[in-house]
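In case you want the letters, here they are:
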Amino acid sequence: AIGLELHGDTANHAWGVVNVLAVTDFPDIRLKSAIQSAAGNLLLIPREGGYLVRLYVDLGEVDPAARDAVRSTTPDEVIAVARRVFHPYRLDVDEIVWFSVYEVGQRLTETFDDGLAGARAPRVFIAGDACHTHSAKAGQGMNVSMQDTFNLGWKLAAVLEGRSPESLLDTYSAERHAVAQELIDFDREWAAIMASRPQDPAAAESDDDGPAELQEYFQRSLRYTAGVATRYTPSLLTGPGTHQHLAGGFTVGMRFHSAPVIRLADARPVHLGHAARADGRWRLYAFADRLGPGDPASRLRALCEHLEHAPDSALRRHTPPDAELDNMLDLRAVFQQHHRDLALADLPSLLLPRKGRYRLVDYEKAFTPDPKSDDVFDLRGIDRDRGALVVVRPDQYVAHVLPLDAYGELAAFFAPLLTAVG
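These figures come from a predicted structure and were not determined experimentally.

A. Quick look at the overall build of the protein. Scanning the protein from N- to C-terminus turns up 11 helices and 15 strands. Projected onto the principal axes, the alpha-carbon positions of the protein cover approximately 75 × 55 × 45 Å. The buried share of the protein, reckoned over its 422 residues, is 49%. Taking as baseline every contact in the protein between residues at least 6 positions apart, the subset at least 24 positions apart corresponds to 70%. Accessible surface computed for the protein: about 19700 Å², of which carbon and sulfur atoms make up 52%. A distance of 6 Å separates the average location of the 44 positive side-chain charges in the protein from that of its 59 negative side-chain charges.

This is the structure in structure tokens:
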């Protein structure tokens, strides 16, 4: 309807997919497994509940002149191929819960919206299979599709609620198209390896035997298949990484990598990333320098004072006057001291904001390292002398790493992203 087409090709290779309840003497039935044999190939994925198993079964080459023939493949025929691949282990299928047949194909649209190259903001957006198709064996179809829509969702909400300008919507296609292209490239290589036969280096494009290459490639791709390998390149939403050395473990453009900490007010062990909610707010994680919050020379204290009181601060510039101070930018602080060595009374007022109709104190803004776990400053490579400010997007991707005193850079970063007030 918006004039876009999927471009790409098919591999002329078919796979049958079945979710089954089965009894077998195959020892790794509850482990993710890949079987390559002269009888064919198979990928085994244990499903939820302890009993269900998904089998991706190689059905071989597809005749381009007779594509409809593969669609007539029956579940019993797929199970018969699976039994040959499992041999000499037995596979007794008691029930087929779900079944499908598909051809491997990698296709991609040129854009994910109907925007006119900056001349007009996009009004129609597409996501998931509407703009990128690939094989199902990496388990990325639904996962990448949900990442598409989460990326779009928080941006739509920000624009529709007046918190961000319409130009934010242009970043959806720019960011997600690149991710989809990476998925297509990954899937093309993964599908080729999965379809190769043992001792078939030509099909695997390697001098190694098929199983060894498959195992090495699968292990190398675990972060990708887990959905945490996406890295957005520098853009309106992603800083240049100039100050990455201040927080080496929080890679700009990648998902915020949580770590165990202690919440100062109640000494409760929590995960720092779990402090965030899908509420459309940006997070500012301020990792303190060596000085405590009560020290007048503390860089973190100075940051809090600037954000709360300076009229040109990013917080004051973008927070409506009748809104709570963390309505747009939610600041969280992590100190280096043990929680028993800090007093709540020493915290800057910005870390003890009064909220709601009764102006109750929000005590959940300050954290310390967990003494029973790896210190978050060591775990994530935080510069202990200078500290670091880690800016995190509403979808939990790291947008920027800055020095604690980089007030101008922080304000300049948010200027095109958030609507100015007053």
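Here the narrative resumes.
B. Representation of the side chain of Arg 176 in the model. By secondary structure assignment, the location of Arg 176 is in helix H4 (residues 170-195). The class for Arg 176 is buried, based on a relative accessible area of 0%. In this structure the side chain of Arg 176 is engaged in a polar contact, spanning 2.7 Å, whose partner is the side chain of Asp 148. With residues up to four places along the chain from it excluded, the contact list for Arg 176 reads Phe 112, Val 144, Gln 147, Asp 148, Asn 151, Thr 230 and Tyr 232.

C. View of the packing of aromatic side chains. For the structure shown, the criterion picks out 13 aromatic pairs. Considering the side-chain rings of Phe 250 and Phe 256, the 4.7 Å spacing of their centres and the 5° angle between planes classify their relative orientation as stacked. Relative accessible area serves as the criterion here: at 1%, Phe 250 is assigned to the buried category. Site record: aromatic cluster; members linked through ring pairs are Phe 250, Phe 256, Tyr 285, Phe 287 and Phe 377.

D. Focus on the sheet that holds strand S13 (residues 366-369). The 7 strands are arranged S8-S7-S13-S10-S9-S14-S15 in an open sheet whose pairing can be described as mixed. The two strands at the open ends of the sheet, each matched to only one other strand, are strand S8 (268-271) and strand S15 (398-402). Taking each pair of neighbouring strands and ignoring which way they run, the sheet shows an average axis angle of 30°. Running at roughly 150° to strand S9 (residues 282-287), helix H8 (residues 299-309) makes contact with S9, strand S10 (329-334) and strand S14 (388-392) of the sheet.

E. View of the nonpolar core. By size, the foremost hydrophobic cluster in this structure holds 38 residues, and its most contacted members are Trp 282, Leu 284, Leu 300, Leu 329, Phe 335, Leu 410 and Phe 414. With 4 residues, the single largest contributor to this core is H8. Within the second largest apolar cluster, 23 residues are counted, among which are Ala 247, Phe 287, Ala 388 and Val 392.

F. Spatial organisation of H8. Taken together, the buried positions of H8 are occupied by Leu 300, Arg 301, Leu 303, Cys 304, His 306, Leu 307 and Glu 308. Contact partners of the buried residues in H8: S9, helix H9 (314-318), S10, S14 and helix H11 (407-414). Where H8 begins, one side-chain oxygen reaches toward the backbone nitrogen of Leu 300, 3.3 Å away; that side chain belongs to Ser 298.

G. Summary view of the environment of Gly 227. Positionally, Gly 227 belongs in the loop between helix H7 (222-225) and strand S7 (260-263). Classification of Gly 227 as buried rests on a relative accessible area of 11%.

H. Local environment of the pairing of strand S3 (residues 40-46). S3 sits mainly inside the fold: 6 of its 7 residues count as buried. Pairing analysis gives 5 bridges linking strand S2 (residues 33-37) to S3, with the strands arranged antiparallel. In the sheet register, Ser 37 faces S3, and the bridge partner there is Gly 40. Two successive antiparallel strands, S2 and S3, enclose a turn made up of 2 residues. Between S3 and strand S4 (residues 53-61), which pair antiparallel one after the other, the connecting turn spans 6 residues, and Gly 49 there sits at a positive phi close to 95°.

I. Molecular detail of the pattern of salt bridges. On inspection of all chains with the given rule, the structure shows 27 salt bridges. Two residues, Arg 90 and Asp 92, come together in a salt bridge whose shortest N-O distance is 2.4 Å. Here Asp 279 makes a salt bridge to Arg 281, at a shortest N to O gap of 3.0 Å. Looking at Asp 279, the relative accessible area reads 36%, which means it is partly exposed. Exposure remark for Arg 281: the relative accessible area of 16% places this residue in the buried category. Among the charged side chains, a salt-bridge network with shared partners connects Asp 279, Arg 281, Arg 283, Asp 326, Asp 330, Arg 332, Lys 355, Asp 362 and Lys 365.

Rules of the game
Residues numbered from 1 in each chain as written. Predicted model: local features only at pLDDT ≥ 70, side-chain atom pairs only at ≥ 80, totals over all residues. Heavy atoms only, no water. Helix = DSSP H or I, 4+ residues; strand = E, 2+ residues; numbered from the N terminus. Buried < 20%, exposed > 50% of the residue type's maximum accessible area, 1.4 Å probe, protein only. Contact = heavy atoms within 4.5 Å. Areas by Shrake-Rupley, 256 points an atom, 1.4 Å probe, with all protein chains shown as cover. Lys, Arg positive; Asp, Glu negative; His and termini not counted. Charge placed at Lys NZ, Arg CZ, Asp CG, Glu CD. Polar contact = N/O pair within 3.5 Å; in protein donor to acceptor, adjacent residues only side chain to side chain. Phe/Tyr/Trp six-rings, centres within 6.5 Å; stacked < 30°, edge-to-face > 60°. Pairing = 2+ DSSP bridges. Axes fitted to C-alpha atoms, helices over the stretch in contact; angles between N-to-C directions. Core = buried A, V, L, I, M, F, W, Y, C linked by side-chain atoms within 4.5 Å. Salt bridge = Lys/Arg side-chain N within 4 Å of Asp/Glu carboxyl O.

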